[in-house]
Structures are given as C-alpha cells and as structure tokens.
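Given next are the chains, with one letter for each unit.
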Amino acid sequence: MAEPLLRAPKGTRDLLHPASARFRALGDVFARVANGAGYGQVILPMFEHVEVFHRLGEATDVVTKEMFEFDDRGGRRLALRPEQTASAVRAFVENRPMLPWKAWYAGPNFRAENVQKGRYRQFDQVGVEVLGLDDALIDTEVIALAWDFFRTLGLRDMTLLVNSLGDAGDRARYVDALREYFNSRAAELSEQSRETLARNPLRVLDSKRREDASVVAEAPLLADHLSEAAAEHFARVQDGLRAVGVPFTVSPRLVRGLDYYVRTTFEIQSSALDAAQSAIGGGGRYDGLVEQLGGDPTPGIGFALGVERTLLACDAEGAFTLGETGVDVFVVDTTGGLEALTLTHELRRAGVAADRAFENRSMKSQMKAADRSGARFALLVGTDERDAGEVTLRDLRSDTGQLRVARTDVLDAVKKALA
RNA sequence: GUGGCCGUAGCUCAGCUGGCAGAGCGCCGCGUUGUGGUCGCGGAUGUCGCGGGUUCAAAUCCCGUCGGUCACCCCA
C-alpha cells in the first residue's frame, strides 16, 4: 500500500459517514435529554490559561503530564482543555449566571497520553454541571440523568458505582489515615504504588496491580471517616436513587483521579466493554472548586461521559444503530445531465433531499448509484420522457412499480409519494 | 516513558519450513442497445510500511527504523 504522506496525529482520528452521523446523533440525544431536564448549553473555549487547569490538582496526572501546553504570541501560557469542568467553573465565576446554574456541554478535550482502546488524545465528552445547590437530591438527579441517557441509547450492561469522599475535613483526615496505613505496609506495595503513595495516598486505592491487592483490600475505609453531615448527605443520595429506580453499588474504594472531588463521587462502567477502560462516565461533587477559581463559595456537582467509550459500549451491545440516512429522491438522467441538474435543484428548493449522478453514465450505472444512495425513489429522465415532457417516478424500496408524471407535476407527485 | 502483538489490493485478511503476489467483500463493465437491489461472466487496482543485510533468488530469514494496536500508569 502506498503509505499516506500525512496521517492524523497519534490519538486522533477521522470520522467519516456514517460513523460521523452516529457521533452527531449521540450528541443530539444528549442535548435533548439535558434540555429536557432544564439544563442550558454552555459552549466553552477549547483552550484556557493553564492556571485554570492547575486548580484540578497539582499532583494529578492530567495536569502534570497530560496537558498540551503552548505560548501565544503575547507570551501567555495556554493549554488545550483536558476536561471541561474547570472551564465551566471559570465561566461561571466570570459570567455570574443566576443560581442554580444548570449547564450542559459537549465537545472535544485533549490529553497528551499514550493511546489504547477507549483512550484517545482528542476525545469527546458530554456532561453537565450544577452550581449553587447543596441538596443531596441534585446529586441524585445528576447521577440519574447520566444513567437515563445511557439507557436511552439502549445500553443495558452497566454498573453504577457510588461513593462519598466526605467533606473537605473528612477527606483530609482519611488521607492521613491512609498514608499512615500504606506507609506501615510499604514494603508489600509495588514500586509504582510507593511512588503514588508519596504524591497522593488516595490513588493507591486505584491500583489494579495484583501485588497490591491484599494491602489495598485491608486499607481503612472512607465510610469510617465520614462526618455525620457527610454520611447523612450520602444516605439521602442513595435514598433518591432508590426512589427513581436507578440501581447502584456502593464502592468504598472509588476515588477517581481529579483532586477536586468531595462528598459524592460516582462512575458508570460498561461490562460489555472488553477493554481495560470500562468507565464510560463519571463525576461527583466539587464544592471547593468555585472558590479556588476566585468565586464566592458555591457548591457544585457534575459528570462527564466519554463519547468514544460510550459508542464502543454501544457497539458491544449492538445498541444505538442508525437506520438508513439516504436522500429522498435520486434523479437519473440519460439525456445529458441538464434535466437532472434542474430537477434536483427544484426538489431541494422545495425541501426534498435529492441527489443525482454525474458524467452522463449509463442508465444501469445511474440506477446502481440511486440504489446505493439509499433514496426511496428514483426519478428517471430518458429521451422518451424528455420528448413527452414527463418524468418516471420509480419506487426503489418496494415492488409497486413506476409511473409517468408530467414534468410540471413532479413536485406534487414526489411529495405525495413521500407522504 | 516501558512492554507484547501487527504492517500484503479501497476494506478484512491468507500466503511466512525462501522459488511467478492471492481470496472474500467492495469497485468498474457486460449479460438486459431504457431500469437498481438477486444471479452469472469478465475486468482494474499492489513501493508486500521504509532502509539495509544474507542469498542464485526475500512478502517470507536477520538488523534497524517508522507507523498501528493492545497493555501498564491514569483517566472519559
């Protein structure tokens, strides 16, 4: 094969039709679900001042090694967004919308990491953010929204994991307890986990390495360090989930990688996915983030769903398949092409999706093109029709045959046939 | 950054104990000098990723390199 001179950069890919249509359709479904729940879209810049993302936590991988950074000509340090929560919060602080602010977003994010199945350097997320509500039942709403969206797509093979990291004080106390525990058994941990321990003891809980399993399994539980208020909040979230019929599993070791999470965290995994990356969505509370970005103390919660992974999960379950996406009418013209030109344009101007063949090919060839186009009807113009001032309307999707109509009645006939 | 596997037609891949570059699908044409979808017949398409080496001879063996993919870490 002649190697292409240029190819899409590592971790990026082209989506051609019909994959692109499916991608867009997923976004449309999400927009409908979110709009229908009272969320309004926020469209955010794809790059920000790096400081915006440093608030995600100086120790997180996303910030320390996965950001695409660059300087603009004015010497400002910028970064392609690795996620959109930080941008959304920045926009909230900057624009001061009315509370509560319920926003949804969709679009690409960028992380400079190595690729594997379900992980790309440019990847799309859809998500929501709610600023200004402390009510545990908004946690439930947000989680249920993600769940119901996946259900709407047709996904069934999913697991919802929920946990509470406690409030900021609980979290700090728990991290101390964890550090002490892991340090006491550091000799049993893998080398990588010992390094992680130095940076962030919480994330040692995430280790999937076999040699860490027993140490992790016996680690102190977050649940034992929750304040009364945090425990009550978490219980109410769970009551809410039961009330709306969203099945869940409490996962005491679900910590997630962004440092800003407090209290409720959750993750939705697809068990249909045969990849290492089975989390198709996740989110949680980030009550301190608005303040860190310069705003008044404001509670916040949200989620982000990975579009590529979701589509992968849909593939695995045979869900969210798209039907025919063809035009309504395909015009076949063996008299030179002028008739096809005028007919397609008349149809298009009347709102009928129409296409045609070029280069004056044989009728057989044009009919094959008509069939491939997915059109319901073919409009044929040969010398007979032209001389008679007529066209032939042929149904391509059933064997009801074809009929001749006067050239001047084409629009009416087509609209009637499509109705 | 590290490791496993893979690079052959537009796509999916066979060929790999060295000996004429193949199949299926797709595409084009014909059967039907005005009719697609089924069927039959015919046809076009290759820097065998790239560079070097071994050999009478390399898609096949060796070295290097680039790319892809999966995995670790972490995340959607």
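See the structure printed just above.
Every residue gets a number counted from 1 within its own chain, in the order that chain's sequence is written. Starting at A for chains and at 1 for ligands, labels are handed out in the order in which the entities are written. Selection of residues for local features in this predicted model requires a pLDDT of at least 70, selection of side-chain atom pairs for listing and counting requires 80 or more, and totals for whole chains, interfaces and linings are taken over all residues. Where side-chain values are given, they derive from all heavy atoms of the structure, hydrogens and water being excluded.

K.L.:
Where do I start with the sheet that holds strand E2 (residues 47-49) in this structure?
P.N.:
DSSP-based pairing: two strands are paired if at least 2 bridges between them are found. Secondary structure elements are taken from DSSP: a helix is a run of H or I of four residues or more, a strand is a run of E of two residues or more, and numbering for both begins at the N terminus. Strand order across the open sheet formed by three strands is E2-E4-E3, with antiparallel pairing between neighbours. In the strand order of this sheet, the two ends are held by E2 and strand E3 (69-71), each with one partner. Across the sheet, the mean angle from the axis of one strand to that of its neighbour is 35 degrees, orientation sign disregarded. Here an angle of 0 to 180 degrees is reported between the N-to-C directions of two axes, which are lines fitted to C-alpha atoms, with helices fitted over the stretch in contact.

K.L.:
What is the right way to look at the side chain of glutamate 66 in this model?
P.N.:
Inspection of the secondary structure assignment puts glutamate 66 in the loop between helix H3 (61-64) and E3. To sort residues, take the accessible area from a 1.4 Å probe on protein chains only and compare it with the maximum for the residue type: under 20% means buried, over 50% means exposed, and anything in between is partly exposed. Only four residue types enter the tally: Lys and Arg on the positive side, Asp and Glu on the negative side, with His and both chain ends excluded. Here a salt bridge means any side-chain nitrogen of Lys or Arg lying within 4 Å of a carboxyl oxygen belonging to Asp or Glu. Of the side chains with opposite charge, arginine 111 comes closest to the buried, unpaired glutamate 66, at an N-O distance of 4.6 Å. Should any heavy atoms of two residues lie within 4.5 Å, those residues are counted as being in contact. Discounting residues that sit within four places of it in the chain, glutamate 66 has contacts with Asp61, Phe110, Arg111, Ala112 and Glu113.

K.L.:
In this structure, what is going on with unusual backbone geometry? I would like to understand it.
P.N.:
Both trends apply: most residues other than glycine have a negative phi, and most peptide bonds are in trans. Omega for the peptide link from histidine 17 to proline 18 comes to 5 degrees, which places this bond in the cis form. Among the structural elements, proline 18 can be located in the segment before helix H1 (19-35). A cis amide bond links leucine 99 to the next residue, proline 100, at an omega of -10 degrees. Tracing the sequence through the fold places proline 100 in the loop between helix H4 (85-95) and strand E5 (101-110). Here arginine 263, not a glycine, exhibits a phi torsion of approximately 50 degrees, which is positive. The topology assignment puts arginine 263 in strand E9 (residues 262-270). Overall, the relative accessible area of 11% leaves arginine 263 in the buried class. Positive phi values are uncommon outside glycine, yet phenylalanine 320 reaches one of about 55 degrees. Among the secondary structure elements, phenylalanine 320 is positioned in the loop between helix H12 (307-317) and strand E12 (329-333). Take phenylalanine 320: its relative accessible area is 15%, and that puts it in the buried class.

K.L.:
Looking at this structure, I do not really get the nonpolar core. What am I missing?
P.N.:
Where a protein is soluble and globular, its nonpolar side chains tend to be buried together. Here, the term nonpolar core denotes a set of buried Ala, Val, Leu, Ile, Met, Phe, Trp, Tyr and Cys residues that are joined through side-chain atoms within 4.5 Å. Residues Phe30, Tyr39, Val142, Phe149, Phe150, Leu160 and Phe303 are the most contacted members of the largest nonpolar core, which totals 45 residues. It is helix H5 (residues 136-153) that provides the largest number of residues to this core, a total of eleven residues. Apart from the residues lying within four places of it in its own chain, the contact partners of phenylalanine 150 are Leu155, Met158, Ile268, Ile280, Leu305 and Thr310. Within the second largest apolar cluster, 43 residues are counted, among which are Ala86, Ala91, Trp101 and Leu165.

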